[in-house]
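Residue-level structure breakdown
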Amino acid sequence: MVPALSGDGTEGVGRTARTRVRRLPDLAVHDRATLYAILDAGRVGHLAIVDGDQPYAVPVACARDGERVLVHGSTGSRLFRHLAAGAPACLTVTLLDGLVLARSAFASSMNYRCAMVLGRAATLDDEAKLAALERITEHLLPGRWAQLRPPSAKEMAATLVLALPLAECSVKVSAGPPDDPDEDLDHAVWAGVVPVVESLGAPEPDPALRFDLPPPEW
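Worth saying up front: this structure is predicted, and the values here are computed from it rather than measured.

**Quick look at the environment of A41**
- As for its position among the elements, A41 is in helix α1 (residues 32–41).
- Distance in space between the C-alpha atoms of A41 and R120 is 23 Å, their sequence separation being 79 residues.

**With respect to the environment of R22**
- On the secondary structure map, R22 appears in the segment before β1 (28–29).
- Placed 153 residues apart in sequence, R22 and A175 show a C-alpha to C-alpha distance of 18 Å.
- A distance of 3.1 Å separates the side chain of R22 from the backbone oxygen of R20, its partner in a polar contact.

**Some details on unusual backbone geometry**
- Even without glycine at this site, L24 takes up a positive phi of about 55°.
- Within the element layout of this structure, L24 appears in the segment before β1.
- A positive phi angle, near 55°, is found at D126, a position not held by glycine.
- Residue placement: D126 occurs in helix α3 (residues 126–140).
- With relative accessibility at 65%, the residue D126 sits in the exposed group.

**Focus on a nonpolar patch on the surface**
- A surface patch of nonpolar side chains, amounting to about 590 Å² of accessible area, comprises L96, L99, L101, M110, W190, V194 and V196.
- With 3 residues, strand β5 (residues 88–101) is the largest single contributor of residues to the nonpolar patch.
- Examined against the element boundaries, V194 turns out to sit in strand β10 (residues 192–195).

Conventions and cut-offs
Residues numbered from 1 in each chain as written. Predicted model: local features only at pLDDT ≥ 70, side-chain atom pairs only at ≥ 80, totals over all residues. Heavy atoms only, no water. Helix = DSSP H or I, 4+ residues; strand = E, 2+ residues; numbered from the N terminus. Polar contact = N/O pair within 3.5 Å; in protein donor to acceptor, adjacent residues only side chain to side chain. Buried < 20%, exposed > 50% of the residue type's maximum accessible area, 1.4 Å probe, protein only. Patch = residues over 30% accessible without salt bridge, like charges linked within 9 Å, V, L, I, M, F, W, Y side chains within 5 Å. Areas by Shrake-Rupley, 256 points an atom, 1.4 Å probe, with all protein chains shown as cover. Salt bridge = Lys/Arg side-chain N within 4 Å of Asp/Glu carboxyl O.

As structure tokens, then:
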């Protein structure tokens, strides 16, 4: 049974048998504020299920909506149909913050923030479905929903929208410089951190654009 959230918000964040961090447990983070921050900063998650004896993982756009994560996909997707039928799922969102260059390949690593969510998704319909699509769109590109034409009935019928509760989660954060052993410090090798930064580039207009419109400001 998945535990309910406790008063301090820590229950279910890396404190269940399935989510306890065993490899480098000192990197585990248990507060929900960090969980929310990772999910709010990420735009793409990897959604995984097991179908028979074969695991599958696909990248999906995702957005946090309170105590749940929203994802959407085609009604023709086998993975989404299984999830809609109640198959257990695992969603991971990873933010790469830097390459940690040590004096050996063995000690080199990455700085990252990662959230993992386990559970069973609920299917959203009607007004809840439309509101979820708006939430995902606004998460990806704020202010965009109001500029777009509304989804058609055909488009809505072809889309599955799922909500995965944030009841059982794990958060792991790695940060800081290399941790070389003392005997490696005398090697003449540059060591440190190369930050990795995600940014939006200059908008590129569609060649079929029929109107003289300014590009969005993001």
